[in-house]
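# A structural walkthrough
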There are 2 protein chains.
Amino acid sequence: MNKIITIGREFGSGGRELGRKLAEILGCAYYDREIIAEIAKRTSLSEKYVQNVAEHKPVIPFPIHTGRTFWAVIPDYGQEVQKEQHDIIREMASKSDCVIVGRGADYILRADNPFRLFVYSDMPSKISRCRRNNANDYDKGEEMSDKELSRRIEQINKARSEYYEFYTGQKWGLPLNYDLCINTTKNDPIEIAEFVAKIC
Amino acid sequence: MNKIITIGREFGSGGRELGRKLAEILGCAYYDREIIAEIAKRTSLSEKYVQNVAEHKPVIPFPIHTGRTFWAVIPDYGQEVQKEQHDIIREMASKSDCVIVGRGADYILRADNPFRLFVYSDMPSKISRCRRNNANDYDKGEEMSDKELSRRIEQINKARSEYYEFYTGQKWGLPLNYDLCINTTKNDPIEIAEFVAKIC
């Protein structure tokens, strides 16, 4: 059976850096945004749409009232995207040793006994990591105050938490759902990858 | 400043074994039951009494009703024991590098920037570790069923959680209060000590 490492991570905690370094040390495949690109290819949907759908729990549509009630009919590919994501994660895990970031992969692959990491940190550390990395996940151009950035980070993490809980029925970040939880407030994600590689 | 490692641990998770091995690898002092023995020495109270008081949050006494209300007057050395425990932990940390198990040491020594571990595991793993180790913390002679042992483990961990929250105002086992949370369900505490020694 392949060695599979899954990484749940708070936005801004350096989980992606840790995962990339870990895959480099182990000489194995690394999957993160690649999953989105592959879903987009298979479904012919745009990467932006797929990313949005693949990282949020479904929104229950409400009728729009304008005098009399009617429904806004927007095509919903949510289920299709989720199915593709599920299949792709299973395919990737069956192909070779790999590190998979996010997307409830720990739960999808639970029968394969993955080594499950959760990476987190305190808010000041998340803010400074976001600024340092000029992260892609929030609008780079926007000049955000610490307070605004903090709120944005909280929103993203809330969406991750809701997504995880919706699709797995488990609590995101609850230690018992992971083999190791790493606080990157003081621990450097790159340095710690060296040590994780020895125990996973 | 000395290197201080504090270990919060669920009963039955192997946190003590991990701590002992870690101290052995680092060649530093290890404090666990030694703290109780030292408090008993300084206060002239029995070790059994000290252990009970030092590991439980205070109980608010209720009046006993027998026709008319009166109070059972039992001498309470709780505050004295807590003060001694606090002083001893600070003394130990100032003396040399050390590993300190339990007793909210992570909070007491927060100004010294300790490396804070939390060790936990799932219930079946806790039960089998308790049986394997013939742990001192529950009555050895007693032939407990898995259900009874599970209830006993839960009680002990509930007391640890309440004690920690009462004296620190923080949530026991909440990842953000620790630098590393280690699930010993699959990870071997002795093996993982080697890894922790390199990053702490």
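For the structure given in this document, a descriptive report is provided here.

What counts and what doesn't
Residues numbered from 1 in each chain as written. Chains lettered and ligands numbered in written order. Predicted model: local features only at pLDDT ≥ 70, side-chain atom pairs only at ≥ 80, totals over all residues. Heavy atoms only, no water. Buried < 20%, exposed > 50% of the residue type's maximum accessible area, 1.4 Å probe, protein only. Helix = DSSP H or I, 4+ residues; strand = E, 2+ residues; numbered from the N terminus. Arc of directions from axis to C-beta. Contact = heavy atoms within 4.5 Å. Phe/Tyr/Trp six-rings, centres within 6.5 Å; stacked < 30°, edge-to-face > 60°. Lys NZ or Arg CZ within 6 Å of the ring centre and 35° of its normal. Pairing = 2+ DSSP bridges. Axes fitted to C-alpha atoms, helices over the stretch in contact; angles between N-to-C directions.

Before going further, it helps to spend a moment on helix 3 (residues 47–54) of chain A. Residue and element names in this part refer to chain A. Taken together, the buried positions of helix 3 are occupied by Val 50, Val 53 and Ala 54. Buried residues of helix 3, viewed axially, fall in a sector of 90 degrees; they line one side. Buried residues along helix 3 sit in contact with helix 2 (33–43), helix 4 (78–95) and helix 7 (146–168).

To describe a pair of aromatic rings, one takes the distance between the centres and the angle between the planes. The tally for this structure, following the rule as stated, stands at 11 aromatic pairs over all chains. Here Phe195(A) and Phe195(B) contribute two aromatic rings whose centre-to-centre distance is 6.5 Å and whose plane-to-plane angle is 55 degrees, an arrangement assigned as tilted. With one member in each of two chains, Phe195(A) in helix 8 (residues 189–199) and Phe195(B) in helix 8 (residues 189–199) form a pair that bridges those chains. The residue whose ring lies beneath Arg110(A) is Tyr107(A), and the NZ or CZ to ring-centre distance is 3.9 Å.

What follows concerns the sheet that holds strand 6 (residues 115–120) of chain A. Here we have 10 strands laid out as an open sheet, ordered 2(A)-5(A)-1(A)-6(A)-7(A)-7(B)-6(B)-1(B)-5(B)-2(B), and mixed in their pairing. A strand with exactly one partner marks an edge of an open sheet, and here the two such strands are strand 2 (29–31) of chain A together with strand 2 (29–31) of chain B. On average, each strand axis in the sheet is tilted by 15 degrees relative to the strand beside it, whichever way the strands run.

Our next topic: the environment of Ala40(A). Residues and elements named next belong to chain A. Within the fold, Ala 40 resides in helix 2. For the pair Ala 40 and Gly 173, spaced 133 residues apart in sequence, the C-alpha to C-alpha distance is 28 Å. The residues touching Ala 40, leaving out its near neighbours within four places in the chain, are Leu 45, Ser 46, Glu 47 and Val 50.

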